[in-house]
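What the coordinates show
Residue strings, one per chain:
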Amino acid sequence: MSRIGRMPIAIPAGVTVEVAENNKVTVKGPKGTLERVLPEEMEIKLEGDTVVVSRPNDLKKMKSLHGLTRTLINNMVIGVTNGFEKVLEVNGVGYRVQKQGKKLVFSLGFSHPVEREDPEGITTEVEGQNKIIVKGINKEQVGQFAAELRELRKPEPYKGKGIKYANETIRRKVGKTGKK
C-alpha cells in the first residue's frame, strides 16, 4: 500500500468536505472554497472528521493515483485553513519591485518596466523594494504564479542578479580572470 495514500486526512473544525458524483471534492473553510474533480477510480470516503482514500487494485497506475489523490485533498484542506505563500527576492543593482493597485511593477535592467497583474484568487505583497510574497489558497496557482515571476529574470550564476525564491541557493561561478 501507498504510505501517503493510506494516511487519513484530518478535517479541522470549521472546514467541510463534500464528495459528489464523479469524485468532485468541495472543501469549504474560513479562507474560501476549493473544488476539484479527482480520478474516478479512487474511492474517497468521509469517516467522521477524517477523509480516507482507497484504491481498487494494485496496478502501477492506481498506486501512483492513490498517493496523488490523498495529497491533493490534503492540500485543499490546508489551503482553506492556513493558505499557502511563496517568498521571492529581487537581487541586483537597480533591480526593484513596486506594488501599484493589483499590479507588480518590476525594474529589471530592461529598457522598460515589466508589469504583472495578480491573477484571480492570488494576492501579492511587497516588502521593501526587493521582497515579494505571493499568497493564496490554491497551492498549484501560488506556485505557478511565483514561477512565472521568477521567469521574468532568472538569477544568473556570476553575480546572482535576478529574481529567486527566498530559500533558493544560487550556484555561483567564477568569472573571467585577466591575462598576465
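Below you will find a few notes about this structure. What you see is a predicted model, and the numbers here were worked out from it, not measured in a lab.

The secondary structure content of the protein amounts to three helices and 13 strands. Taking 180 residues into account, the globule formula puts the C-alpha radius of gyration at 16 Å, and the protein, at 21 Å, lies well above it. Seen along its three principal axes, the alpha-carbon backbone of the protein occupies a region of about 70 × 45 × 25 Å. Within the protein, the proportion of its 180 residues that are buried is 34%. In the protein, the proportion of contacts linking residues at least 24 apart, taken out of those at least 6 apart, comes to 49%. If you sum the accessible surface of the protein, you get close to 11,300 Å²; carbon and sulfur atoms cover 48% of it. Measuring between centres, the 33 positive side-chain charges of the protein sit 12 Å from its 22 negative side-chain charges.

For the rest of this paragraph, the subject is helix 3 (residues 139-151). One turn of an α-helix holds 3.6 residues; hence residues three or four places apart share an orientation. End to end, helix 3 covers 18 Å across 13 residues, agreeing with the expected 18 Å (1.5 Å per residue, within 8%). Within helix 3 the residues assigned to the buried category are V142, F145, A146, L149 and R150. The buried residues of helix 3 all sit within an arc of 140° when viewed along its axis, so they share a single face. When the buried face of helix 3 is taken as reference, the exposed residues oriented beyond 90 degrees from it are E140 and E151. The inward-facing, buried residues of helix 3 contact strand 7 (84-91), strand 9 (103-107), strand 10 (114-117), strand 11 (122-127), strand 12 (131-136) and strand 13 (162-165). Two or three places before E140, at the opening of helix 3, N138 has a side-chain oxygen 3.0 Å from that residue's backbone nitrogen.

With that out of the way, let us pick up the sheet that holds strand 12. In space, the four strands of this open sheet follow the order 11-12-7-13, with antiparallel pairing throughout. Here the strands that pair on one side only, and so sit at the sheet edges, are strand 11 and strand 13. Recorded for the sheet is a direction-independent mean angle of 25° between the axes of neighbouring strands. In the sheet, strand 7 pairs with strand 13 via four bridges, with the strands oriented antiparallel. Residue L88 lies in a different strand from strand 13, and its bridge partner there is Y165.

Quick look at the pattern of salt bridges now. Following the criterion strictly, the structure yields twelve salt bridges and no others. A salt bridge links K103 to E115, with the nearest nitrogen and oxygen atoms 3.4 Å apart. On the criterion of sequence distance, the pair formed by K103 in strand 9 and E115 in strand 10 is long-range, its members being twelve residues apart. The partner of E168 in a salt bridge is R150, with the nearest N and O atoms 2.7 Å apart. Here E168, found in the segment after strand 13, pairs with R150, found in helix 3; they are 18 residues apart in sequence, far enough to count as distant.

What follows covers the nonpolar core. Counting residues in each nonpolar core, the largest one holds 20 residues, and the members touching the most others are V17, V25, V27, I44, V51 and I73. Element by element, the count of residues in this core is highest for helix 2 (residues 60-81), at seven residues. If we ignore the near neighbours within four places in the chain, the residues touching V27 are V15, T16, V17, G32, T33, L34, M76, V77 and V80. Of all hydrophobic cores here, the second largest spans 18 residues; its members include L104, L108, I132 and L152.

Inspection of the entire model under this criterion finds zero aromatic pairs. Above the face of the Y165 ring, K86 is positioned so that its terminal group lies 5.4 Å from the ring centre. Between the NZ or CZ atom of R153 and the centre of the ring of F110, over which it lies, the distance is 4.4 Å.

Among the secondary structure elements, R70 is positioned in helix 2. Despite its burial, R70 pairs with no opposite charge, the nearest such side chain being E47 at 12 Å. Of the polar contacts made by the side chain of R70, one reaches the backbone oxygen of I4; its length is 3.4 Å. Ignoring sequence-local partners within four residues, the contact set of R70 consists of I4, G5, M7, P8, I9 and V53.

Rules used throughout
The written sequence of each chain sets the order in which its residues are numbered from 1. Reporting in this predicted model follows two pLDDT cut-offs: at least 70 for local features of residues, and 80 or more for side-chain atom pairs to be given and counted; totals over whole chains, interfaces and linings ignore these cut-offs and use all residues. Just so you know, side-chain values use all the structure's heavy atoms and leave hydrogens and water out. Only DSSP runs of H or I covering at least 4 residues are called helices, and only runs of E covering at least 2 are called strands; the numbering of each starts at the N terminus. Atoms counted for the radius of gyration: C-alpha only. Globule rule: 2.2 Å times the number of residues to the power 0.38. The classification of residues rests on relative accessible area computed with a 1.4 Å probe and restricted to protein chains. Under 20% of the type maximum is buried, over 50% is exposed, and intermediate values are partly exposed. Residue contacts are defined here by distance: any two heavy atoms, one from each residue, within 4.5 Å place the two residues in contact. Only the protein chains shown count as cover for residues, and all accessible areas are computed by the Shrake-Rupley method using a 1.4 Å probe. A positive count includes Lys and Arg, and a negative count includes Asp and Glu. His and the chain ends are not counted in either. Taken as the charge location is NZ of Lys, CZ of Arg, CG of Asp or CD of Glu. Expected span of a helix: the number of residues minus one, times 1.5 Å. Within this analysis, the arc is defined by the directions that extend from the helix axis to the C-beta atoms. Polar contacts, as used here, are pairs of N or O atoms within 3.5 Å; protein pairs need one atom able to donate a hydrogen and one able to accept it. Residues neighboring in sequence count only if both atoms are side-chain atoms. Should DSSP find at least two bridges between two strands, the strands are taken to pair. Fitted lines through C-alpha atoms serve as axes, helices being fitted only where they are in contact, and the angles separating the N-to-C directions of these axes extend from 0 to 180 degrees. In the sections that follow, a salt bridge refers to a side-chain nitrogen of Lys or Arg positioned within 4 Å of a carboxyl oxygen of Asp or Glu. Only buried residues count toward a nonpolar core. Its members are Ala, Val, Leu, Ile, Met, Phe, Trp, Tyr and Cys residues joined through side-chain atoms within 4.5 Å. Think of it this way: a Phe, Tyr or Trp ring, Trp meaning its six-membered ring, pairs with another when their centres are within 6.5 Å, and the plane angle makes it stacked under 30 degrees, edge-to-face over 60, tilted otherwise. Definition used: whenever NZ (Lys) or CZ (Arg) falls within 6 Å of the ring centre and also within 35 degrees of the ring normal, the charge is taken to sit over that ring.

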